[in-house]
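Spelled out, the chains give:
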Amino acid sequence: MSRLQAEHLYKVFGRRPNEAVARLQDGAGRDELRADGTTAAVIDASFAVEAGQIFVVMGLSGSGKSTLLRMLNGLLEPTAGRVLFDGQDLTALSPRELRQVRSHKISMVFQHFALFPHRSVLENAAYGLEVQGVAREERDRRATEALGLVGLAGWENSWPDELSGGMQQRVGLARALATDADLLLMDESFSALDPLIRRDMQDQLLELQKRLKKTIVFITHDLNEAMRLGDSIAVMRDGRIVQIGTAEDILVTPANDYVASFTQDVDRSRVLTAGAIMADPQEALGTTTPDGTVLRTERDVLEAAPATVTADTPIVELFTPCSRSGVAVAVTDEEDSLIGVVPRARLLAVLGEPDPGADGAAPQEGRKTAGAAVAKTSGATEATDAPDAPEAPEGKVIAGA
Ligand SMILES: Nc1ncnc2c1ncn2[C@@H]1O[C@H](COP(=O)(O)OP(=O)(O)O)[C@@H](O)[C@H]1O
Ligand SMILES: [Mg+2]
């Protein structure tokens, strides 16, 4: 069972919302309704979030992201549809039951840190526990622990205005973590931060997530952030979810021209990984090396390969070896067994426009790894604004799935 499920959620603001839902179900668009002064903020949204996943909702401003998020914790009542959290239908709970679920099981982290200026960092981090009625001593202990998790040990007795923006956002995160809620809803939580600090926060979230394995719904309007953080990404447009998939799915097989145009500036060579594009080792058998040796066994393939990489290596690192040799690059697992090969032609094919008809241009065929398919490393998706971003440091790949 999925941790969180949205089933055909609608939210309509304005007059006669139910009538509007019926019209939307009949195929009316947002614009038609707007003409009557009604806003269809979210239209027929369905998705499932698995335990331990970061599910990203990405879309331009006004696409309905915040409205969707507020329905997930019951702050907004859906006009139609259901939200299931651990199988429990939130839309069927009484206001009291809902408050209970919200204060114990779900935490929200906003874009603006919403810290209380006249409370210490510790008291701010303990706020959620205070709302739950946890006794002073225990809440101080848990808040101190949470501050340690976000790298703020030693700042407990400071005031919020003594902290930088990034640190304040960490306090917001600590507040969410202190409650032990295992569903975190994050609405543009890093969007107000400077780019470098923002990247730090993304790293920190991924790092924490490796240890804590929360279930996270993260909202952003930033594609790079979405690709960096999301195990799964839902792209929203005008109230509708137009595609749900991994970063790689969205990049390689966009559902429509809108998604394609969104991703056109992403540097595929830093987002796609060897594991995502590799072919079966069989494909390298029978090829001939420059010195005339025919590769007959997997061992031959390994020995002749110009480089041996792991599934999570970004393909940008395959160019040099592929340019040196016509023999395929070898992809191995932790036990150094051959799990795939990347021939030069395949490397070139995936960098072109998506072309499902062309032979060899559909990287999914050879795909073996789902979780490690996309490079979630520092700098991996930053190439649109920083073409010369440094190579990702070794070993920083986040185990998402
Ligand atoms: N309380 C409200 N009343 C009327 N319209 C609203 C309300 N909240 C949001 N909207 C409208 O719903 C649409 C989606 O808004 P929102 O969910 O905030 O989008 P996003 O978070 O993606 O920027 C927008 O057109 C917005 O103006
Ligand atoms: Mg919003």
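What comes next is a walk through the structure. (Residues numbered from 1 in each chain as written. Chains lettered and ligands numbered in written order. Predicted model: local features only at pLDDT ≥ 70, side-chain atom pairs only at ≥ 80, totals over all residues.)

## Quick look at the overall build of the protein chain
Looking only at helices and strands, the protein chain has 17 helices and 13 strands in total. A buried classification covers 44% of the 401 residues belonging to the protein chain. Considering only residue pairs separated by 6 or more positions, the protein chain has 67% of its internal contacts joining residues 24 or more positions apart. (Helix = DSSP H or I, 4+ residues; strand = E, 2+ residues; numbered from the N terminus. Buried ≥ 20, exposed ≤ 12 C-beta atoms within 10 Å, placed from the backbone. Contact = placed C-beta atoms within 7 Å.)

## Here we look at the sheet that holds strand β2 (residues 39-49)
Strand order in this open sheet of four strands is β2-β1-β4-β5, and the pairing throughout is antiparallel. Two strands close off the open sheet at either side, each with one partner strand: β2 and β5 (88-89). Sheet analysis places strand β1 (residues 4-13) next to strand β4 (residues 80-85), joined by five bridges and oriented antiparallel. Its bridge partner lying in β4, Gln-5 is registered against Leu-84. (Pairing = 2+ DSSP bridges.)

## Section: the site of ligand 1
Neighbouring ligand 1 are Phe-13, Thr-39, Ala-41, Gly-59, Ser-61, Gly-62, Ser-63, Gly-64, Lys-65, Ser-66 and Thr-67. Taken together, the elements giving at least two residues each to the shell around ligand 1 come down to β2 and α3 (65-72). Per element, the largest residue contribution to the shell around ligand 1 is three residues, and it comes from α3. Within the shell around ligand 1, the residues separate by chemical class into two nonpolar, eight polar and one charged. (Near = placed C-beta within 6 Å. Nonpolar A, V, L, I, M, F, W, Y, C, P; charged D, E, K, R; others polar.)

## Focus: the environment of Val-217
Secondary-structure assignment places Val-217 in strand β8 (residues 215-220). Along the backbone, Val-217 and Leu-4 are 213 residues apart, and their C-alpha atoms lie at a distance of 9.6 Å. Once you skip the residues sitting within four places of it in the chain, Val-217 turns out to touch Val-49, Phe-55, Val-57, Leu-69, Leu-72 and Leu-185.

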